[in-house]
Structure formats: C-alpha cells, structure tokens
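Geometric and topological summary
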Amino acid sequence: MKSLAELKELRNKVQKEMKKRDQGTKAEIIVGMGTCGIAAGARDILKAVLAEIEKRDLDVRVTQTGCIGMCEKEPLIDVKLPGKKRITYGNLSEADVQKIITEHVVNGNIVTDLVIARHN
Amino acid sequence: MKDSIYRSHVLICTGTGCVSSGAKTLKDSLNEELAANDLSGEIKIVETGCHGFCEKGPIMIVYPEGVFYCEVQSDDVAEIVEEHLLKGRTVERLLFKEPMTEEQIPSYQDIAFYKKQQRIALANCGKIDPEDIDEYIALGGYEAAGKVLTEMDAQEVVDTIKDSGLRGRGGGGFPTGLKWQFAKNSESDKKYLICNADEGDPGAFMDRSILEGDPHRIIEGMLVAAYAIGADEGYVYVRAEYPLAIKRLEKAIEDAEEYGLLGDDIFSSGFNFKLHIKKGAGAFVCGEETALMNSIEGKRGMPTPRPPYPAVRGLWGKPTNINNVETYANIPYIINEGVDKFTAIGTEGSSGTKVFALTGKINNTGLVEVPMGTTLKEVIFEIGGGLGQGKKFKAVQTGGPSGGCLPEDYLDLPIDYDSLLDAGTMMGSGGMVVMDEDSCMVDVARFFLNFTQSESCGKCTPCREGTKRMLEILNRITDGEGKEGDIELLLELGEHIKSTSLCGLGQSAPNPVLSTVRYFRDEYEAHIHDHNCPAGVCSDLAGAYVIDEEACIGCSKCAKVCPVDAISGEIKNPFTIDPDVCIACGACEPECPVDAISQG
C-alpha cells in the first residue's frame, strides 16, 4: 500500500459486494417467487434483474417474496423506491425487466402500461 | 476480487462456539443444496467470526433481508434454500424467540440480546469474513492506520489516545495513552510492541472471538501503536489452545504483508513494521506482562519485579509496549471517529465500551459489548435474558479468578473500572459468571482459588505458599471440618498475599475468597458452626434425605434408585432412609410420585 488514496481506491472497488449487507434505505426490487411465479418463469426474471443491475452498477436490494394471490399475472415484480409507493408490475418478459429498471429504478418514471397495482 | 455480484449473502458463524455446535457441516450442506438448486452463482456463503450469541448457535444471517436464524442444523438447510433463498419466505420456526415473550424476531438488531449492546471492538465480528482482507477494507479498514502514518506525528497519536481516556482492557485498567507515552519517551535503537492474547480466565473468550472474527482490526491497532512509540517489530502472544484464532491471524498477517500494510515503507511513510505470532503453552501466569516477555524470549514463563517497567526495559532488554487484544481493537475506532465520539460513550473515568463473556446460570450465554456504566442488572437480565429455570439470582462473579463475587444488592451498580474495585472485585478481562441460589459461595471461592493455586508459578513465597494454605482451609471448611477462627485466618492470609505477591496473579488470587467472605459470611459460618451447606452443594455437609411417613405410599421407587441402599421398607408400608448411609445425592427425590421425600 503506497498511500491512503490507494487504500480508498481499493475500498471503493471492494465495497460494492459488501453493500448487500447494508440494512439502510435503498431501492428494492421484489420478485414473486411462489410456485406460481416460478412456473411462469420468475427464475429467469430474477436472473434478468440481477444481470441488469450488475450491468448498470446499481445499488439495489433484490429480494423475493411468495405468492401474493395474483398467480394469473405472474411473473411479477415489485419496485419500491425510498419514500415512494410500492409498484407491482405483472405479466413480465425479460425485456420488460430492462425497461422497468431503466425507466423506473434509474429515472423514477413508472412504466404505466406494465403496472398492475400500487400499494400504499 | 470477485467478478460477479451475488444477490444474497448467507453468513454462517464459524467462531469456535458455532463450529462446535455444527457450523462446518451446516456450511457443507448449504453448498450442496445451493448447487442442487442452481443457486451457487447467485448466493454467496460467507464464514464469519462470532456473533456473540453462542447459546443459540449455529447462527445464520441471510442478507439482503438481514434475517437471523438460530440453532440451524444441516436438516434445516433444504427448507431454507427452497423457502427463503428461492421463494423469499422466511422460515419462521428457525427465528429467534424471546424467552420472556415467546415473540419471534426476524431481524437480529431487534433481539433484546443485541439491542442494548454497543459494538466497537466487536463491530465487524459476525459481519465480515475474517479471512478476506477486502471485506475489512470495504468497511473502512486500515484507514486509521493510513491516516496516522501519513498525516499525524507520533506525539499527536499518543495525545489522541491519552485524550480518549482509553484504559487497558486486559484487566488492569491502566491508561493506554500514558503507557504509550512511557514507551515513546524511552530512547533506544530498537523497540518492540506486544499484543497480549494469552486469555486464560476460565469461561472467558473475548480476545479469542476478536482474533477469530476480526483479526485485521488487531493488526491495524498494533500498526498505530507501533508508529506512536517507534517500534518496528511486534509479537502477538496467543495461546496454542486457540488454533482457529492462530490460523486466521496467520492468514491476516500474510494478506496484510501482500497488500504492503505490514513490512517496509508502509503507505510510503518510511515506517516499517514486522509482526510475528508467538504461541503460548497455556500457563495462566503468562498473561502477566513480564512473564509473557520471558516466555517469548524462550525462558520459563515467570514474572520479574517491576520496575524496570517494560516501557523502559522489556522484551530482549528493549523498551516495549504491551496491550491486550481488546485495547488494540478500540484504536481504529478512536482514530477514525475521533476522541469526542469515544469519550461520549461510557462513564467519566472509564470511556468506551467493554466486552464481557457472559456465562453461568443464565439464559443467553455469549459475548456482549456494552458501554461502560451499564448496570449489572441490564447485562444480566435484559441482555442475558435472566436466569434459567426460574431460579433466583444469587451472585455475579466478575474478573475471572482474580475478581470477586457481588450479591443482589449490587445489581444496580454501573460497571466501570472504579466502581467494581470499590465493591471489592474488578473488571478483569471481562469474564462474567452468573450464579443462582443453587451455588455455594464457599465452593465457588474454592473453585477459583484451586485454579489460581495450581497456576501459581511458584516464584514468590506469598503466592506459592499462601494460596496453598488458603486452599487447605477452604477444603477443610467444605469437608465439614472448619474450625473457629478459619474465617479470620483466611482474611489475614488473603490480605498478606495481596500486598506482598510479586505479580498480579498473587495480588488478586485471594479476591474470590475475600469478596465471598465480605458478602456471604453467613454461608462460611453455616459451614463451620452448623456443618451445613445452605445451598446443598458440599456433599459432605449436605443433610440426609427423609421420607414423610404419613405421605409415603410404600411404592419402593425411591429404594430402587438409591446408589448406596440407604432406603428400606416393606411394600405398601412407609419406607425409611438411614441418615448414616445417605450421601444426600438427591436421586430419590424426583422418583417419589407423592412428593414425600425432602432434604432434612
């Protein structure tokens, strides 16, 4: 280690991974992973979400949830931005995931044509 | 460096406590199960150090949700993977349940055991992989060392530690900054720095857990200290009975060397520091600093008179600074967060926090870190969850075999160095043994004195002979042969040993006896005058059991379990116990279907 700056540079590089254990407020994407969701392709949706987040280097918490009763509309994902309403998107394809992350998670604009519910 | 980002981290505690309750097989099962479900690339398993809640091990925390599972066994793994990691449903049966309210708590920050704690020395324990230097750096590791080496001069560092009011966490409570100042002031071409990890108190595992859970913090604390006093070589003296601590420390030193955080010209500051590990053979006296240094030099581990103090003439005759593991663990925090933030924690004479190993008859055994000034009651009843099986609190022993026992009246005592000394015990390295009504205080004193007596190195007469004589008296009392004047003799011997012994071992060895006489004199008197052990522990004194003839139904169940055939009688007629044969083992009592048996 040659300088404090070099240490800080290394810290920035290795910090990304540790953010997974950060319990603070940040954007959250919740993937419906009940049996219905998995049958409708939620695993691929989850993988698409992870790939997109990694590609864009976003600090987003990705979690799963069980069946919420809207099995008809699976695969579903919820997007919850800090201080904003939780939005549920349904009937998703992998391409939709890209669109939701680009427009909603990054830019804060809800993709209205894919929304199936808003929660308080 | 990893190439892919994991969506979830599963932290498994692999401190010694959880390893012995099965954490290693748990990890293997989890690996297999993740592979079977094609999740290996998404979920990362991290082995961490001790979370402190050893009672509930093996412990697993699943991020990003931060769900805390306890007592997880290999059989539970399939369910966790399928339900939680795949479907996102918390496995509720594995959550922690508060013993008082039966309420299930998903997140560990909300468990009473953790809520009252404030973690500085243990900040990273259980949060990071101790074998991955990157994880320590990701949480700001080595920045304190970097700042000190590149931006501060040595005197500034010493002054900072002085101002922080940090006192030695190994037990003595000597101001750390002052100790550093003495070592810094000594002129010499060579100085040494030592970390005392010779933790030997029965039941204490604070230092072990820090070394196992966050070894880089110790290296960083030592770097700062070495720079401050001008040492270029250091030793960590750790007992060989701590194989995991040694392994992780070895790995940490290797990684730090590779990153140029140990070795020559660290942070291009021109400062060099080389760190070695010295494995101790496990003698209790080697926790004493002069004995420890003799041991490093390859001599017999025996203390030498002070002065000269190590700061003047220490290891290999050179000025040496020696601090305990937990003391070094506090250093990075003080440098990073500043003196004001540190002194805001704790009491006026004792700033910061203290780690305690909570053991004995208590619900939540484990490792806790609390601000100085927290009361014994808060630690025992709020964090420790109170005593098991509805038993009544009798005493708490602090400071290990060098400390004393405090009774119920002292539960509201705020814990700091001075308050404990005033009460006749000491902080010590942080052992805290809780005793209930079934503990005999004479027997407890005898247990601890037996320990210090056999660990006495034999160099000075008061300790060698004095502890032996005291132990003989205690043995006599617990055997029912106590005499008039024994208590006074114990007190006199105890005071002499304290004031004339060469080192801390002898100077503190009588404490368990003196404090139990002070607070539980009636128990000693009952043993001596009435030949009675009120707690029923000392078997030679315990009263024989008797059968209530009116209640007895003559079933003979008691006679069948008696190991010495003291019980006789005719079926369907009252049975009797021969008091001369009865050894008061108590085996008969629970057998009786009508509760007719009691201790006389």
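Conventions adopted
- Residues numbered from 1 in each chain as written.
- Chains lettered and ligands numbered in written order.
- Predicted model: local features only at pLDDT ≥ 70, side-chain atom pairs only at ≥ 80, totals over all residues.
- Heavy atoms only, no water.
- UniProt positions renumbered as here; feature names shortened; annotations may be inferred.
- Helix = DSSP H or I, 4+ residues; strand = E, 2+ residues; numbered from the N terminus.
- Contact = heavy atoms within 4.5 Å.
- Salt bridge = Lys/Arg side-chain N within 4 Å of Asp/Glu carboxyl O.
- Buried < 20%, exposed > 50% of the residue type's maximum accessible area, 1.4 Å probe, protein only.
- Pairing = 2+ DSSP bridges.
- Axes fitted to C-alpha atoms, helices over the stretch in contact; angles between N-to-C directions.
- Domains from an automatic or database assignment.
- Buried area = accessible area lost by both parts, 1.4 Å probe.
- Polar contact = N/O pair within 3.5 Å; in protein donor to acceptor, adjacent residues only side chain to side chain.
- Nonpolar A, V, L, I, M, F, W, Y, C, P; charged D, E, K, R; others polar.

As annotated in an unreviewed UniProt entry, chain B carries the name NADP-reducing hydrogenase subunit HndC and is attributed to Halanaerobium saccharolyticum. Turning to chain B, the UniProt annotation filed under Sequence similarities (unreviewed entry) states: "Belongs to the complex I 51 kDa subunit family." Annotation of chain B in UniProt includes, under Cofactor (unreviewed entry), the sentence "[4Fe-4S] cluster".

Chain A carries the name NADP-reducing hydrogenase subunit HndB in an unreviewed UniProt entry, which gives Halanaerobium saccharolyticum as its organism.

Bringing the overall build of chain A into the picture now. Within chain A, the secondary structure is distributed over four helices and five strands. For chain A, the succession of helices and strands along the chain, N to C, is α-β-α-α-β-β-β-α-β. Each principal axis of the C-alpha distribution contributes one length, and for chain A these read about 60 × 25 × 25 Å. Once local pairs closer than 6 in sequence are excluded, the contacts in chain A between residues at least 24 apart make up 62%.

Attention now moves to the pattern of salt bridges. Residue and element names in this part refer to chain B. All told, the structure shown has 50 salt bridges over all chains when counted by the stated rule. Note that Lys 179 and Glu 289 form a salt bridge whose closest N and O atoms lie 3.4 Å from each other. Residue Lys 179 is found in helix 8 (residues 176-185), and its partner Glu 289 is found in helix 12 (residues 289-296); the two are separated by 110 residues along the sequence. Judged by its relative accessible area of 13%, Glu 289 is buried. Bridged by salt links that share partners, the residues Lys 24, Lys 27, Glu 47, Glu 131, Lys 247 and Arg 248 form one connected network.

Remark on secondary structure: sheet strands pair via backbone hydrogen bonds, oriented parallel or antiparallel. Residue and element names in this part refer to chain A. One open sheet holds the five strands; their spatial order is 2-1-3-4-5, and the pairing between them is mixed. The sheet is open, and its two edges are formed by strand 2 (61-65) and strand 5 (115-119), each paired on a single side. Neighbour to neighbour, the strand axes of the sheet diverge by 20 degrees on average, direction disregarded. Where strand 1 (residues 28-32) meets strand 2, five bridges bridge the pair, whose relative direction is parallel. Bridging from a neighbouring strand, Ile 30 pairs with Thr 63 of strand 2. Those strands touched by helix 3 (residues 42-56) are strand 1, strand 2 and strand 3 (77-80), and its axis lies near 160 degrees from that of strand 1.

Another aspect to go through is the sheet that holds strand 7 (residues 192-197) of chain B. Residue and element names in this part refer to chain B. The mixed open sheet is built from five strands, whose spatial order is 9-10-8-7-11. Because the sheet does not close on itself, it has two edges, and the strands there are strand 9 (263-266) and strand 11 (320-324). Taking each pair of neighbouring strands and ignoring which way they run, the sheet shows an average axis angle of 25 degrees. Where strand 8 (residues 233-239) meets strand 10 (residues 271-280), seven bridges bridge the pair, whose relative direction is parallel. Residue pairing for strand 10: Val 236 is matched across the bridge by Ile 277. Taken strand by strand, helix 13 (residues 325-337) contacts strand 7 and strand 11, and its axis lies near 90 degrees from that of strand 11.

As a general feature of sheets, a regular strand has side chains that alternate between the two faces. Residue and element names in this part refer to chain B. Across the seven residues of strand 8, seven count as buried, placing the element largely inside the fold. Summarising the sheet, strand 7 and strand 8 pair through six bridges and their orientation is parallel. By the bridge assignment for strand 8, Cys 195 is matched with Val 236.

Turning next to the pairing of strand 7 of chain B. Residues and elements named next belong to chain B. Among the six residues that make up strand 7, six are buried, leaving the element largely enclosed by the rest of the structure. Alternating positions in strand 7 separate into two faces, Tyr 192, Ile 194 and Asn 196 on one and Leu 193, Cys 195 and Ala 197 on the other, with burial throughout. Sheet analysis places strand 7 next to strand 11, joined by five bridges and oriented parallel. Within strand 11, the residue paired with Ile 194 across the bridge is Ile 322.

Attention now goes to the domain arrangement of chain B. Residues and elements named next belong to chain B. Assigned domains within chain B: domain 1 (8-110), domain 2 (133-343), domain 3 (353-436), domain 4 (441-529) and domain 5 (543-600). Tallying the contact residues gives 16 residues for domain 2 and 20 residues for domain 3. For the pair domain 2 and domain 3, the summed buried surface comes to about 1,400 Å²; carbon and sulfur atoms form 58% of the total. Along the contact surface separating domain 2 from domain 3 lie two salt bridges. Connecting domain 2 to domain 3 are eight residue pairs in polar contact (both at pLDDT 80 or more). Elements supplying a minimum of two residues to the side of domain 2 that touches domain 3: helix 9 (206-213) and helix 13. Its residues placed into classes, the side of domain 2 that touches domain 3 shows five nonpolar, seven polar and four charged.

Each side of the interface is counted separately: chain B has 48 residues, and chain A has 32 residues. Taken over both partners, the interface formed by chain B and chain A buries close to 3,400 Å², and the fraction arising from carbon and sulfur atoms is 57%. When residues of chain B are sorted by the area they lose upon contact with chain A, Ile5(B), Arg7(B) and Pro64(B) head the list and together hold 19% of the total. There are three salt bridges connecting chain B and chain A. Note that Arg43(A) is salt-bridged to Glu42(B), the shortest N-O span being 3.0 Å. Counting every contact that joins chain B to chain A gives 13 residue pairs in polar contact (both at pLDDT 80 or more). By residue number, the principal contributor to the side of chain B that touches chain A is helix 6 (residues 143-151) of chain B, which donates five residues.

Let's shift gears to the side chain of Thr353(B). Residue and element names in this part refer to chain B. Examined against the element boundaries, Thr 353 turns out to sit in strand 12 (residues 353-360). At a separation of 2.5 Å, a polar atom in the side chain of Thr 353 contacts the side chain of Glu 369. Among residues more than four places away in sequence, those in contact with Thr 353 are Gln 118, Ile 120, Arg 169, Glu 326, Asn 330, Ile 345, Glu 369, Val 370, Pro 371 and Met 372.

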